[in-house]
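One-letter residues, chain by chain:
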Amino acid sequence: MMDTVVSPLFNPEIESMLCSLLMSISLLFCLVIIFLVFLTVKIDEFVTWSWTVVWIPAWIVNIAVFYSTLKYVVLREEEEKEQDNEEEKDDLDETNRLKQHNQQLKKIKKLIILFNFLLCLLFQIFIVIRLEEKVMWSACIVFIPYFVFEATHFFSTCLKTLVGCLALTSVGETTRIPRFVFSQYWLNALRFCLFLLISLRIDQIIQCSWGIVFIPVYLVGLKWAIELAYRYTVYSKMSQPDIAHQGKVTVLVGAFVFVIVGILFYALVGLLARRLDGIFYVEMSYVFIPLFIVFSMLLCCSGCCLPCLLRVSAVSDLEEHETQHLVDANRRITASGESDVNISGTTAAS
């Protein structure tokens, strides 16, 4: 295993980091599963807990994410300041100005990340206090943190789109600009429409089935299906057979994964729409079955399969080093270049 391409992954230090990462991911999946269980028993009225108690797994995740985000923002900034102070003496003025500009951009990006997390946390707090009926806000007010997040994300996307369009124009690829703009905005637009429709439906401003409210979700799946079909057609028309075969195999694997994930996800959406419409009563334990399947499989992979694979690979590497056979003393080569067997034979003949 140490002679393969992935041999750096089995370095003891990297292996310990991977094990810690897998343990953290497994803990995250456990908390998500517990949160879904709490939601199930609360919505189906098996328990009379408050929504603050139900949200405890989410609060734990929020604390971990906040600590990681704060650590990333503060510690990385201190390290960059130390590096800049060491290199500042040897750089020219123009280079220093360029570095200061890049530092300001990095600070803005970090602040945006922290601001987005605070908006997400505030959105959860608004949901909890509204479910607890401590305030009687409308859904549009509860969704204000999310809409602010979409506004900041839209602004940053506009800047990226402007830079990308200028870059395509500079290299003469103006025909790719419409497709590039579409790739930057289609998912954001569908996501915004989905949450806007949800808030309007909760406030009963619109009176329609929840299946219609989830139309943006169906469009996401349709877009990816068209994308896979288009990619397969492009690879089929390529003149290089090796590249075409590899590309078609990759697209088929992606289509298989898309079908499996799509069945589970859209089963969840359909059951949820039926439950919200009240056409017939569906327990939340049945509605969340696709989520339980997905997160249980992910937990099995991160908490069992991958750590066992790392452990087995490490043990096999140790066994390979320990089973190296020593050369017999009679067959070793001496300083004169002859083996001990030849020397002993010559001595006996004399």
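Residues numbered from 1 in each chain as written. Predicted model: local features only at pLDDT ≥ 70, side-chain atom pairs only at ≥ 80, totals over all residues. Heavy atoms only, no water.

(A) Looking closely at the nonpolar core. In this structure, Leu-39, Trp-51, Trp-55, Val-287 and Phe-288 are the most contacted members of the largest nonpolar core, which totals 17 residues. Where this core is concerned, the elements lending two or more residues are helix H1 (12–43), helix H2 (51–54), helix H11 (284–287) and helix H12 (289–322). With five residues, H1 is the largest single contributor of residues to this core. Sequence-distant contacts of Leu-39, defined by excluding residues within four places in its chain, comprise Trp-51, Val-54, Trp-55 and Phe-288. By size, the runner-up hydrophobic cluster in this structure holds 14 residues, among which are Phe-126, Val-142, Trp-210 and Val-213. (Core = buried A, V, L, I, M, F, W, Y, C linked by side-chain atoms within 4.5 Å. Buried < 20%, exposed > 50% of the residue type's maximum accessible area, 1.4 Å probe, protein only. Helix = DSSP H or I, 4+ residues; strand = E, 2+ residues; numbered from the N terminus. Contact = heavy atoms within 4.5 Å.)

(B) Molecular detail of the pattern of salt bridges. Scanning the model with the defined rule gives four salt bridges in all. For Asp-44, the salt bridge goes to Arg-275, with nearest N and O atoms at 3.3 Å. Placement of Asp-44 in the loop between H1 and H2 and of Arg-275 in helix H10 (residues 241–277) is noted, with a sequence separation of 231 residues between them. For the pair Asp-44 and Arg-275, one class covers both residues: buried. Taken together, the salt bridges that share partners define one network made up of Lys-223, Glu-227 and Arg-231. (Salt bridge = Lys/Arg side-chain N within 4 Å of Asp/Glu carboxyl O.)

(C) Quick peek at the layout of surface pockets. A volume near 2100 Å³ is recorded for the largest pocket. Taken together, 46 residues make up the lining of the largest pocket; nearest its centre are Leu-39, Trp-55, Ile-127, Phe-195 and Leu-272. The element that contributes the greatest number of residues to the lining of the largest pocket is helix H4 (residues 93–131), accounting for eight residues. In this structure, the second largest pocket spans a volume of roughly 490 Å³. Along its surface, the second largest pocket is lined by 13 residues, and Lys-109, Ile-112, Ser-156, Leu-159 and Lys-160 are the ones closest to its centre. (1 Å grid on protein atoms, 1.4 Å probe; cavity = no way out; pocket = protein on both sides within 12 Å on 5 of 7 lines; lining within 4 Å. Points joined across faces, edges and corners; volume = space filled by probe spheres on them.)

(D) Inspection of the packing of aromatic side chains at higher detail. Counted according to the given criterion, the structure contains 19 aromatic pairs. Taking the centre distance of 6.2 Å and the plane angle of 55° together, the rings of Phe-143 and Phe-195 count as tilted. Of the two residues, Phe-143 is situated in the loop between helix H5 (139–142) and helix H6 (144–170) and Phe-195 in helix H7 (residues 177–202); the sequence distance between them amounts to 52 residues. For Phe-143, a relative accessible area of 9% translates into the label buried. Residue class for Phe-195 comes out partly exposed when judged on its relative accessible area of 23%. Plain terms: the ring middles of Phe-288 and Phe-292 are 6.5 Å apart, the flat faces sit at 85° to each other, and that makes the pair edge-to-face. (Phe/Tyr/Trp six-rings, centres within 6.5 Å; stacked < 30°, edge-to-face > 60°.)

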